[in-house]
Amino acid sequence: MAATAFSASKFTQSFSLNSTRSVDRPPLFPASHPLKTTPSSFLGSTRKLSLSSPSSSTSRRRRRPSRSPAVVAVSEVVKEKKSKSNVSLSNPLITNEEGLELYEDMVLGRSFEDMCAQMYYRGKMFGFVHLYNGQEAVSTGFIKLLKQEDCVVSTYRDHVHALSKGVPARAVMSELFGKTTGCCRGQGGSMHMFSKEHNLLGGFAFIGEGIPVATGAAFTSKYRREVLKEADCDHVTLAFFGDGTCNNGQFFECLNMAALWKLPIVFVVENNLWAIGMSHLRATSDPEIWKKGPAFGMPGVHVDGMDVLKVREVAKEAIGRARRGEGPTLVECETYRFRGHSLADPDELRDPAEKARYASRDPISALKKYMFENNLASEAELKAIDKKIDELVEDAVEFADESPLPARSQLLENVFADPRGFGIGPDGRYRCEDPKFTEGTAQV
């Protein structure tokens, strides 16, 4: 079957520029592992940037010859381009302004999550709190390329996605504290960040829940452009989810629908190799998630999710495709979380050596090193950003701590569609405002 890689020459070239630093880690598969096929220093690295898209509707109907590859591997093209050209340090991949923006966003995410851990253990937050430490390159690399009108759908690990999309740190921290000044008035909490103003369509506690919502948002964009004739509506949706979600039905159904209707959506897999305490390699028949994109007729891309510059280059192409009306892309970002699944997880299942290897590849440290090597920033500039973020996060904590708790009457708001339904008394007031409402029940 004939297959084409989208923007192949430009895309492979940009990736080759980004591949100057090798991935330093031993193979995930031992030689005797049943899934081991070729030597690999990075999961799926034999197809580091592999894209596939049917060249025409006619080619879809043809039966694929048994020997034809299901995907187009561009890694050889990348290798050839690298051998023919030397990337000069005087031609960096980002400007000074872009580098500082990326650095500030990543540091904000890391510092915010570190503060969340402190506040959780001090009893300021309740329930489950899942932190994003180590995965900042994915959020920053994708979301900082979006427009205000573009949508983001997140998971239960959603604080940093909200921050990257522009939700103020005060509003996110207040939501975590359960205060009225939070982005959901304290009713969403850690796993349900939402902001209509910023087109953050929610964090979702159950895996896979958000993918249909994201697909619906992408359909809205296409409908407005093609049916309502809003020519300027080129809005894109990003759907974030983890490796554990990729074995769920919603994932496959929405990939099919998005490809069928050429929806402007990018499915971003944050593959941190662990689904709570289950290794990705033990849970998935084929651990290379990006291959599932070509199975539905869309490009599938694998990228080093610990490198914000590589993520950013892939994100540019995928978002650009969606914005031009060329359809969806599946991007697998292989990353790693530095903390346990949640703050209630003692994190005893992962090999300490594995954690140490990934800690040595900290995405923030890697970006800082790149910026210094390319004279994109001085140490004083980065220290000024660190100081600014520390003050911002401290301010967010103070603001959240001083903000008021929601009134008891808010308990039943946004629950019932009928304002005169259950929860509302004959006088039109909320039953919970009646002093006898909780009589005979445990004190809240």
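The structure presented is a predicted model; accordingly, all values stated were derived computationally and were not measured. (Residues numbered from 1 in each chain as written. Predicted model: local features only at pLDDT ≥ 70, side-chain atom pairs only at ≥ 80, totals over all residues. Heavy atoms only, no water.)

Quick look at the overall build of the chain now. In terms of regular secondary structure, the chain is built from 15 helices and 9 strands. Residues classed as buried in the chain amount to 50% of the 444 residues present. Taking the contacts inside the chain whose residues are at least 6 apart along the sequence as the reference set, 76% of them involve residues at least 24 apart. (Helix = DSSP H or I, 4+ residues; strand = E, 2+ residues; numbered from the N terminus. Buried < 20%, exposed > 50% of the residue type's maximum accessible area, 1.4 Å probe, protein only. Contact = heavy atoms within 4.5 Å.)

Turning our eyes to something else, we now look at the packing of helix α4 (residues 96-121) against helix α14 (residues 363-373). Their axes nearest at 10 Å, the elements α4 and α14 cross at an angle of 155°. One element, α4, and the other, α14, form an angle in the roughly antiparallel class. By crossing handedness, the relation of α4 to α14 is classed as left-handed. In this structure, α4 contributes G99, L100, L102, Y103, M106, V107 and R110 to the contact, and α14 contributes P363, I364, L367, K368 and M371. Taken together, the residues of the contact of α4 with α14 sort by class into 9 nonpolar, 1 polar and 2 charged. (Axes fitted to C-alpha atoms, helices over the stretch in contact; angles between N-to-C directions. Parallel < 35°, antiparallel > 145°, perpendicular 65-115°, else oblique. Left-handed = near helix turned anticlockwise from the far one by under 90°. Nonpolar A, V, L, I, M, F, W, Y, C, P; charged D, E, K, R; others polar.)

Attention now goes to the pairing of strand β8 (residues 300-304). Counting buried positions along β8 gives 5 out of 5 residues, so the element sits mostly inside the fold. Neither face of β8 is left uncovered, since the one carrying G300, H302 and D304 and the one carrying V301 and V303 both have all their residues buried. Sheet topology note: the β8/strand β9 (residues 329-334) ladder contains 5 bridges and is parallel. Counterpart to V301 in the pairing with β9 is V331. Taken together, β8, helix α12 (residues 308-323) and β9 constitute a β-α-β crossover, and its handedness is right-handed. (Pairing = 2+ DSSP bridges. Right-handed = clockwise from strand over helix to strand, strands pointing away.)

So, on to the packing of aromatic side chains. For any pair of aromatic rings, geometry is given as the distance between the ring centres together with the angle between the planes. Per the counting criterion, the structure on display carries 8 aromatic pairs. Their ring planes at 80° and their centres at 5.5 Å tell us that Y120 and Y121 sit as a pair that is edge-to-face. When the centroid spacing of 4.2 Å and the interplanar angle of 5° are considered together, the rings of Y336 and Y358 count as stacked. Separated by 22 residues along the polypeptide, Y336 in the loop between β9 and α13 (352-359) and Y358 in helix α13 bring together distant segments of the chain. Of the two residues, Y336 and Y358, both sit in the buried class. Three or more aromatic residues joined by ring pairs form one cluster here, namely F241, F251, F252 and F296. (Phe/Tyr/Trp six-rings, centres within 6.5 Å; stacked < 30°, edge-to-face > 60°.)

Before going further, it helps to examine the pattern of salt bridges. In total, this model carries 23 salt bridges according to the counting rule given. Measuring nitrogen to oxygen at the nearest pair gives 3.3 Å for the salt bridge that ties D347 to K355. For K355, a relative accessible area of 23% translates into the label partly exposed. A cluster of three or more residues bridged by salt bridges with shared partners is formed by K147, D150, D234 and R323. (Salt bridge = Lys/Arg side-chain N within 4 Å of Asp/Glu carboxyl O.)

Turning next to the sheet that holds strand β5 (residues 265-271). Spatial ordering of the open sheet is given by β3-β4-β5-β9-β8, a layout of 5 strands whose pairing is parallel. What marks the edges here is a single partner per strand, and that holds for β3 (151-153) and β8. Across the sheet, the mean angle separating the axes of adjacent strands is 20° when strand polarity is ignored. With 6 bridges connecting them, β5 and β9 associate as parallel partners. Of the residues in β9, the one forming a bridge with F267 is L330. Each of β3, β4 (237-242), β5 and β9 touches helix α5 (residues 136-143); the most contacted strand, β4, lies at about 170° to it. In this fold helix α9 (residues 249-261) packs onto β4, β5 and β9, with an angle of close to 150° to the strand it touches most, β5.

What follows deals with a negative patch on the surface. Together, D390, E394, E398 and E402 give the surface a local cluster of negative charge. By secondary structure assignment, the location of D390 is in helix α15 (residues 379-402). A relative accessible area of 44% means that D390 is categorised as partly exposed. (Patch = residues over 30% accessible without salt bridge, like charges linked within 9 Å, V, L, I, M, F, W, Y side chains within 5 Å. Areas by Shrake-Rupley, 256 points an atom, 1.4 Å probe, with all protein chains shown as cover. Lys, Arg positive; Asp, Glu negative; His and termini not counted. Charge placed at Lys NZ, Arg CZ, Asp CG, Glu CD.)

With that settled, consider a nonpolar patch on the surface. On the surface, F219, Y223, V227, L228, M257, L260 and W261 cluster together into a nonpolar patch covering about 670 Å² of accessible area. The biggest single contributor to the nonpolar patch is α9, with 3 residues. Of the residues examined, W261 reaches a relative accessible area of 39% and is grouped as partly exposed.

Turning next to the nonpolar core. Ranked by internal contacts, the top residues of the largest apolar core, which has 67 residues, are M125, F142, M173, V266, V331 and L367. Here this core gets 12 residues from one element, more than from any other, and that element is α4. Not counting residues up to four positions away in its chain, the partners in contact with V266 are F142, V236, T237, L238, A239, A318, I319, T329 and V331. In terms of nonpolar packing, the next biggest core, distinct from the first, is built from 20 residues, A214, A218, F241 and A259 among them. (Core = buried A, V, L, I, M, F, W, Y, C linked by side-chain atoms within 4.5 Å.)

All right, on to the packing of helix α7 (residues 169-177) against α15 then. When two helices pack together, their arrangement is given by the angle between the helix axes and by the axis-to-axis distance. Where α7 meets α15, the axes come as close as 8 Å, and the angle between the chain directions of the two elements is 45°. Compared by their axis directions, α7 and α15 come out oblique. When you trace α7 past α15, the crossing you get is right-handed. Along the contact surface, α7 presents A169, R170, M173, S174 and F177, while α15 presents L392, D395, A396, V397, F399, A400 and D401.

Before going further, it helps to examine the environment of Q148. Note on placement: Q148 falls in the loop between α5 and β3. Along the primary structure Q148 and H198 are separated by 50 residues, whereas in three dimensions their C-alpha atoms are 6.3 Å apart. Sequence-distant contacts of Q148, that is, excluding residues within four places in its chain, are made with K165, E197, H198 and N199.

Moving on, we get to unusual backbone geometry. In this structure, R185 takes a positive phi of about 60° despite not being glycine. For R185, a relative accessible area of 33% translates into the label partly exposed. Phi is positive for K229, which is not a glycine, with a value near 60°. In this fold, K229 is placed in the loop between α8 (210-226) and β4. With a relative accessible area of 66%, K229 lands in the exposed category.

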